[in-house]
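Summary of the model geometry
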Amino acid sequence: MVSTLPKVTTSAPAPSTWPPFLIGQPEQPVRVLLIDDDPHMRQVMAQELLADARIDLLGQASSVREARRLIAQHVFDVMLVDLNLGDGTGFELIELMKSTRPLAEAVVISAMEDEDYAVRAFELGATGYLIKNSWFDSFPQAVLQVVNGGASITPNLARRLLRRLEGQPLRASAARAAHVGAGGEKLSEREREILRQVASGYTSGEIGKRLGISDQTVNAHIKNIYRKLHVRTRAQAVNLASQWGLL
């Protein structure tokens, strides 16, 4: 059943260490949808999200059908979504979200620590993959990371994905790819520098401060990187750049 929640005013205040230039302030919280067919797990996640003043949990759903309705009804920033739903999969919801709300971020919440599932989710545009019941996972932190340009992956799974990438054979064109994008168009030195900053986990605002340029200029470079590498998300750009020796 779809649940649309009123704005909660009893949430704990945001940590005083949260920088004012980051997205997710108590006066303008990050808007979140939560989709999971496990009532207990959904309640646990909802309680964590509602306890953080930087997050506004707009609504919850337990099925693909209900989630489609929420996606159509709300303007949101982040969708937390399980992969196994009773009437479908989270993959189709990520595709729907990216087609209708292209600026929104998707974070997978799954019981399966499956590398292939994670890769597929990232290819569809997800920027996070958390394993349920992991000691390392914080749902509010994942939301705040992805909405500020980062990625959130359960450490054990991240290590396995890195090992998988290390084990892949180099492409014959890897030497040329060190300077050229997937479409044959060269990345500029500035674009490569920004890509390295993105891979290090810095947000657009932080990259701008480090390089002495505006946020808008950073985002313009990132859009050019997407076009040249034929990708849609930062996670995909970093993944491809790592394989092609761009970093």
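Please refer to the structure higher up on the page.
Residues numbered from 1 in each chain as written. Predicted model: local features only at pLDDT ≥ 70, side-chain atom pairs only at ≥ 80, totals over all residues. Heavy atoms only, no water.

This brings us to the pattern of salt bridges. For the structure on display, the rule yields 8 salt bridges. Between Asp36 and Lys132 there is a salt bridge, and its shortest N-O distance comes to 2.9 Å. With Asp36 in the loop between strand 2 (30-35) and helix 1 (39-50) and Lys132 in the loop between strand 8 (128-131) and helix 5 (139-147), the pair connects residues that are 96 residues apart, well separated along the chain. Taking relative accessible area as the criterion, Asp36 reaches 0% and is therefore assigned buried. Since its relative accessible area comes to 13%, Lys132 is described here as buried. Across the pair Glu191 and Lys228 runs a salt bridge, and its minimum N-O distance is 2.8 Å. (Salt bridge = Lys/Arg side-chain N within 4 Å of Asp/Glu carboxyl O. Helix = DSSP H or I, 4+ residues; strand = E, 2+ residues; numbered from the N terminus. Buried < 20%, exposed > 50% of the residue type's maximum accessible area, 1.4 Å probe, protein only.)

Within this structure, the stated rule accounts for 1 aromatic pair. Taking the centre distance of 5.8 Å and the plane angle of 70 degrees together, the rings of Phe91 and Tyr117 count as edge-to-face. Residue Phe91 is located in helix 3 (residues 90-100), and its partner Tyr117 is located in helix 4 (residues 115-124); the two are separated by 26 residues in the primary sequence. Directly above the ring of Phe91 sits Arg120, whose terminal nitrogen or CZ lies 4.1 Å from the centroid. In this arrangement the basic side chain of Lys209 is found over the ring face of Phe21, its NZ or CZ atom lying 5.4 Å from the centre. (Phe/Tyr/Trp six-rings, centres within 6.5 Å; stacked < 30°, edge-to-face > 60°. Lys NZ or Arg CZ within 6 Å of the ring centre and 35° of its normal.)

So, about the packing of helix 8 (residues 189-199) against helix 10 (residues 215-229). Closest axis-to-axis distance for the helix 8/helix 10 pair is 10 Å, and the angle between their directions is 95 degrees. It follows that helix 8 is roughly perpendicular to helix 10 by the angle criterion. Contacts between helix 8 and helix 10 involve Arg190, Glu191, Ile194, Leu195 and Val198 from the first element and Val218, His221, Ile222, Asn224, Ile225, Lys228 and Leu229 from the second. Split into classes, the residues belonging to the contact of helix 8 with helix 10 amount to 7 nonpolar, 2 polar and 3 charged. (Axes fitted to C-alpha atoms, helices over the stretch in contact; angles between N-to-C directions. Parallel < 35°, antiparallel > 145°, perpendicular 65-115°, else oblique. Contact = heavy atoms within 4.5 Å. Nonpolar A, V, L, I, M, F, W, Y, C, P; charged D, E, K, R; others polar.)

Among all positions in helix 9 (residues 204-211), only Ser204, Gly205, Ile207 and Gly208 are buried. The arc that holds the buried residues of helix 9, viewed along the axis, is 165 degrees, so those residues lie on one side. Positive backbone phi, approximately 75 degrees, marks Gly212, located one or two places after helix 9. (Arc of directions from axis to C-beta.)

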